[in-house]
Amino acid sequence: MAIRAVIQGDRPELRRTCKPVSELSDAVRRLAEDLMETVQAEYAGSLAAVQCGVPVSLFVTCADGTPRVWLNAEVVARGPDVRGGESCASFPGLVVESVRPEWLLVRTWTLDGRVEERRVDGVEARLVAHELDHLRGTLLPDLVSESDLLAQLLAAVADTAGDEPETHAVDEDVQQILDLMADAAWKWNLAVELLAAYTTDAEAAKRLKRLRRRVARLSTEADEWEAWLLNLAESGSEHASADPEG
Ligand SMILES: [Zn+2]
């Protein structure tokens with residue numbers, strides 16, 4: 001068994017439609033075992049093979065400590081819609097409110113080649129519905145409107161930004177923009193440092209040099225925008241204090 005890397009973000013690999021599993025080979029069994037180990041390592045409730053780069057109709061769920069493998073799963077019947085929170089190992093930190101069936105009756109293969117029908121309720125039904133979406137290339141951000149998604153992403157960023165003291169001179173939106181830029185800049189710098197270990201051939205070294213220059217420029221531009229934004233926030237707060245309503 002092995003823990004596999006989970007593809008993150010809205011990437012083309014996650015937009016593929018998954019093919020049915022036609023044969024229960026050792027590779028398929030090993031993949032199922034790896035997914036199970038990975039879903040537990042990620043503290044996730046479920047995971048599809050396509051999230052680990054294998055676009056086949058296979059996913060695992062682990063609701064209330066009950067691990068289950070789902071192969072070529074199809075919905076036979078469904079309950080009424082209910083609202084609830086939903087997250088995804090490919091979008092860490094993002095929780096959206098979505099509408100999912102209260103229960104599902106699903107026909108699936110088992111790893112020993114039988115076909116069975118399983119009824120799942122509540123959290124498990126939500127996980128199965130989420131994974132069935134993955135098989136069609138539908139992702140968590142598709143479940144909410146663009147404005148809701150932006151609001152939720154910003155809330156997630158604010159949550160992970162740490163507990164720096166609030167700057168009153170700086171408008172909240174401006175602070176958020178600065179946080180996002182700073183976050184992106186250090187991530188790019190880190191990525192470049194990590195990449196350096198793999199750029200052993202001359203062509204890659206040349207490309208890394210070019211990337212390094214761009215990342216450095218990005219940092220410089222972020223600094224320039226910071227100065228400009230702080231200035232803007234400053235004049236904005238002067239406006240605000242001139243207004244008796246505050
Ligand atoms: Zn997911």
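Right, let's walk through the structure included here. Remember, it's a predicted structure, so these values are computed and weren't measured experimentally. Sequence order as written defines the numbering, with residues in each chain counted from 1. In view of the model being predicted, local features appear only for residues whose pLDDT reaches at least 70, and side-chain atom pairs are presented and counted only at 80 or more, with totals across whole chains, interfaces and linings using the full set of residues.

**Topic: the overall build of the protein chain**
In step 1: Within the protein chain, the secondary structure is distributed over five helices and seven strands.
In step 2: Put simply, DSSP marks the helices as runs of H or I at least four residues long and the strands as runs of E at least two long, and each gets a number from the N terminus on. In the protein chain, the succession of helices and strands from N to C terminus is α-β-β-β-β-β-β-β-α-α-α-α.
In step 3: In the protein chain, which comprises 246 residues, the share counted as buried stands at 20%.
In step 4: Each residue is represented by a C-beta atom placed from its backbone, and any two residues with such atoms within 7 Å are regarded as in contact. At a minimum sequence separation of 6, the contacts of the protein chain that also span at least 24 residues come to 63%. To sort residues by burial, count the other C-beta atoms lying within 10 Å of each one's C-beta; a count of 20 or more means buried, 12 or fewer means exposed, and anything in between means partly exposed. C-beta atoms are built from the backbone.

**Some points on unusual backbone geometry**
Note: most peptide bonds trans; most residues except glycine with negative phi.
In step 1: A positive phi is found at Tyr 43, a non-glycine position, where the angle reads about 55°.
In step 2: The topology assignment puts Tyr 43 in the loop between α1 (26-41) and β1 (46-48).
In step 3: One non-glycine residue, Asp 64, adopts positive backbone phi at about 50°.
In step 4: Owing to 8 C-beta atoms within 10 Å, Asp 64 belongs among the exposed residues under this scheme.

**Overview of the environment of Glu 13**
In step 1: Tracing the backbone through its elements, the reader meets Glu 13 in the segment before α1.
In step 2: For Glu 13, a count of 15 C-beta atoms within 10 Å gives the class partly exposed.
In step 3: Spatially, the C-alpha atoms of Glu 13 and Val 54 are 8.9 Å apart, while their sequence positions differ by 41 residues.
In step 4: If sequence neighbours within four positions are ignored, Glu 13 has contacts with Ile 7 and Gly 53.

**Notes on the sheet that holds strand β2 (residues 58-63)**
In step 1: In space, the five strands of this open sheet follow the order β1-β2-β3-β6-β7, with antiparallel pairing throughout. If you trace the sheet from one side to the other, it starts and ends with β1 and β7 (115-121), each paired once. Ignoring strand direction, the axes of neighbouring strands in this sheet form an average angle of 40°.
In step 2: Pairing between two strands is assigned when DSSP locates at least 2 bridges connecting them. Where strand β3 (residues 66-78) lies against strand β6 (residues 103-109), five bridges are found, and the strand directions are antiparallel. If you follow Glu 74 over to β6, its bridge partner there is Arg 107.
In step 3: The convention used is that axes are lines fitted to C-alpha atoms, helices contributing only their stretch in contact, and that angles between N-to-C directions extend from 0 to 180 degrees. Docked against the sheet, α1 engages β1, β2 and β3, running at close to 35° with respect to β2.

**Overview of the nonpolar core**
In step 1: We define the nonpolar core as any set of buried residues of the types Ala, Val, Leu, Ile, Met, Phe, Trp, Tyr and Cys, connected via C-beta atoms lying within 7 Å of each other. One finds Leu 47 and Val 128 to be the most contacted residues of the largest nonpolar core, which totals 33 residues.
In step 2: Per-element tally for this core: the top contributor is helix α2 (residues 122-135), with six residues.
In step 3: Look past the residues within four positions of Leu 47 in its chain and what remains in contact with it is Leu 35, Thr 38, Val 39, Phe 59, Val 60 and Ala 89.

**Looking at the environment of Leu 208**
In step 1: Its place among the elements puts Leu 208 in helix α5 (residues 202-242).
In step 2: Of the residues examined, Leu 208 has 15 C-beta atoms within 10 Å and is grouped as partly exposed.
In step 3: Taking the C-alpha atoms as reference, Leu 208 lies 7.8 Å from Leu 195; in sequence the two are 13 residues apart.

**Focus on the pairing of β3**
In step 1: Relative to β3, β2 is paired through six bridges, and the arrangement is antiparallel. When the sheet's bridge partners are listed, Thr 61 is paired in β3 with Arg 68.
In step 2: A loop of two residues connects β2 with β3, the two strands running antiparallel in sequence, and Asp 64 in this loop sits at a positive phi of about 50°.

**As for the pairing of β2**
In step 1: With three bridges connecting them, β1 and β2 associate as antiparallel partners. Paired with Ser 46 across the bridge in β2 is Thr 61.

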